[in-house]
Structure formats: structure tokens, C-alpha cells
Protein chains: 2
Amino acid sequence: MNTPYYAVIFTSLQTPDTAGYSAMAEAMEKLAEKQPGYLGLEHARSELGITISYWENLEAISNWKANLDHLEAQKLGKTKWYQWYKIRICKVEREYEFEKF
Amino acid sequence: MNTPYYAVIFTSLQTPDTAGYSAMAEAMEKLAEKQPGYLGLEHARSELGITISYWENLEAISNWKANLDHLEAQKLGKTKWYQWYKIRICKVEREYEFEKF
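Basis of the calculations
Along each chain, residue indices are assigned from 1 in the same order as the chain's sequence is written. Whichever chain is written first is A, and whichever ligand is written first is 1; the rest continue in order. A pLDDT threshold of at least 70 governs which residues receive local features in this predicted model, and a stricter bar of 80 or more applies before side-chain atom pairs are shown or counted, although totals over entire chains, interfaces and linings include all residues. Heavy atoms throughout the structure, all of them, feed into the side-chain values; hydrogens and water do not. Whenever a carboxyl oxygen of Asp or Glu lies within 4 Å of a side-chain nitrogen of Lys or Arg, that contact is scored as a salt bridge. Copy-to-copy alignment: least squares on C-alpha atoms, limited to residues at pLDDT 70 or above in both. In this description, contact between two residues means that some pair of their heavy atoms is separated by no more than 4.5 Å. Comment: axis = line fitted to C-alpha atoms, over the contacting stretch for helices; angle = value between 0 and 180 degrees taken between N-to-C directions. Each helix corresponds to a stretch of at least 4 residues labelled H or I by DSSP, and each strand to a stretch of at least 2 residues labelled E; elements are numbered beginning at the N terminus. When describing relative orientation, an angle under 35 degrees is termed roughly parallel and one over 145 degrees roughly antiparallel, while 65 to 115 degrees is termed roughly perpendicular and anything else oblique. Crossing handedness follows the turn of the near helix against the far one: under a right angle anticlockwise gives a left-handed crossing, and clockwise gives a right-handed one. Classification used: nonpolar for Ala, Val, Leu, Ile, Met, Phe, Trp, Tyr, Cys and Pro, charged for Asp, Glu, Lys and Arg, polar for all others including Gly. The rule is short: rings of Phe, Tyr and Trp, with Trp giving its six-membered ring, pair when the centres are within 6.5 Å, and they are stacked under 30 degrees, edge-to-face over 60, tilted in between. Over a ring means this: the NZ of a Lys or the CZ of an Arg is within 6 Å of the ring centre and within 35 degrees of the ring normal. Buried residues are those whose accessible area, probed at 1.4 Å on protein chains only, stays under 20% of the maximum for their type, while exposed residues exceed 50% and partly exposed ones sit between those limits. What the arc measures is the spread of directions leading from the helix axis to the C-beta atoms. Polar contacts here mean pairs of N or O atoms no more than 3.5 Å apart (in protein, one a potential hydrogen donor and the other a potential acceptor; neighbouring residues in sequence count only if both atoms are side-chain atoms).

Colleague: Quick question: what am I supposed to make of the pattern of salt bridges here?
Modeller: Oppositely charged side chains are able to pair whenever their charged atoms sit close together. All chains considered together, the criterion is met by twelve salt bridges over all chains. Overlapping salt bridges, with partners in common, bring together Glu42, Glu95 and Glu97 of chain A together with Lys86 and Arg88 of chain B in one network.

Next comes the structure, spelled out in C-alpha cells:
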């Protein structure tokens, strides 16, 4: 990816009610991949869940936020799955990578 | 936190050699907390590890990167613990939070 681009950091704590969560998370990842300006996604969960999606620009993020199926998932997230979450919209200014050969 | 501030997204894949890793990760977290301009840290690991540290400005990030004990940890990370990692320096432009009561 060429900087600058954008990252949405989604940090969350789940409720005990995880029914339907994995299927929805998978569906949303597939849907995000189809959005214009989508660059990639990284996810990990320990106690805290962190999902970072990467986008070409802020318009791509706005469009994704307003996607109807995604809006439905957001609503379920608030009522069922998440005790707490925080979303940060970030401009990725620099990056570097290490790989062991 | 008041935007704008900065995030360092550290995404990694570990090698099978995890000896000493947890102790070092804990020591580095404690050391980071003492640095000027440190705002917080979030971590999760599944297959992928994601650690995000938050900082007041780019100078605070440069100072942390150049900290001598941290340089030693970075060296060990490259030789022992990490198969791959990627570091992204990001400006956090907006944030919002949800909490269920």
C-alpha cells in the first residue's frame, strides 16, 4: 500500500451473548472486501478485540459506514454483541515492514 | 484523548521461538508508559498479533523508537521472536465510543 491511506481501528469488548457473532463478522468481512477503496483487514482477539480495516480515502470509509447491510450489523452489535467499543479514524502516514528469510 | 494524536500499529507473526517474549513484552509496556507523550496501549493476539500504542505527537514516537532498552528489544525481536511484522505510523483524526449501560 502507498501512504497516505486510512485505517479504521475498531477496539471492542464483547458481551457474553456471542450467538450469531462469528457468522456476522465473516459476512461483514466479505462485504467490506467488495467496497470501493477497500485495502485490507487485520484482526486479533484476546480479552480485547482489535479489527483494523484499511481504506484508500475517507470517502470509502463513509460509504462503508453507511452501507445498509453494515448498518444492520452495527445495530445488532450495539444491542447484542458489544459491551463497549471505540472507533478511531486514522491517516496512515508511514509504514515499514520486516520479514525474516 | 483529544484528536489529533498518533497511533503506532504493530502487526506481527511470531516464530516458534517464544522463549523470553512475554517477559520482554511486559517490560516494554512498562517502559513505554514512562515515556513522555505516551497515551495508552491496546493489544490482542490470535494468529496475528496486534499492538497499538498511542502518543501525543511524532516526536514522542521517535524518542520511543530510539530508547536504548527498546532498541535492544527490537534487535531480539528481529533475531528471535518475529517472523514478520509491519509498523504503521498513523494520525488519529477522529474517534467515537460506545458503551452499554
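That covers the picture; the talk isn't over yet.
Colleague: Sorry if this is basic, but what is going on with the relation of the copies chain B and chain A here?
Modeller: Each of the two chain copies goes to the other by way of a rotation about an axis and a shift along it. For these two chains of identical sequence, chain B goes onto chain A by a turn of 180° and a shift of 0.0 Å along the axis, with RMSD 0.0 Å. In the structure described here, the two chain copies are related by an operation that fits a two-fold rotation axis. Both copies share a contact surface, since 100% of the interface residues of chain B are interface residues in chain A too.

Colleague: What exactly am I supposed to notice about the packing of helix H1 (residues 21–33) of chain A against helix H3 (residues 68–81) of chain A here?
Modeller: Residue and element names in this part refer to chain A. Between H1 and H3, the shortest axis-to-axis distance is 11 Å and the interhelical angle comes to 150°. One finds that H1 runs roughly antiparallel with respect to H3. Crossing hand, H1 versus H3: left-handed. Mapping the contact onto sequence places Tyr21, Met24, Met28 and Leu31 in H1 and Asp69, His70, Ala73, Leu76 and Trp81 in H3. Here the residues of the contact of H1 with H3 are counted per class, giving seven nonpolar, one polar and one charged.

Colleague: Which parts of the structure should I look at to understand the packing of aromatic side chains?
Modeller: Centre-to-centre distance and the angle between the planes together describe a pair of aromatic rings. All told, the structure shown has 18 aromatic pairs over all chains when counted by the stated rule. One Lys or Arg, arginine 88 of chain A, reaches over the ring of tyrosine 54 of chain B and ends 4.0 Å from the middle of that ring.

Colleague: Looking at this structure, how should I read helix H2 (residues 58–66) of chain B?
Modeller: An α-helix turns once per 3.6 residues; consequently, residues spaced three or four apart project the same way. All names here are of chain B. If you check which residues of H2 are buried, you get Ala60, Ile61 and Trp64. Each buried residue of H2 sits inside an arc of 100° when the element is viewed along its axis, so together they form one side. Check the buried side of H2 and you find it contacts strand E1 (5–14), helix H1 (21–33), strand E3 (49–55), helix H3 (68–81) and strand E4 (82–99). The N-capping residue of H2, defined by a side-chain oxygen 3.3 Å from the backbone nitrogen of glutamate 59, is asparagine 57.

Colleague: Can you walk me through the environment of glutamate 97 of chain A in this structure?
Modeller: Within the element layout of this structure, glutamate 97 of chain A appears in strand E4 (residues 82–99). Setting aside residues up to four positions removed in sequence, glutamate 97 of chain A forms contacts with Trp84, Tyr85 and Lys86 of chain B.

The quantities given are spatial measurements derived from coordinates; they are silent on function.
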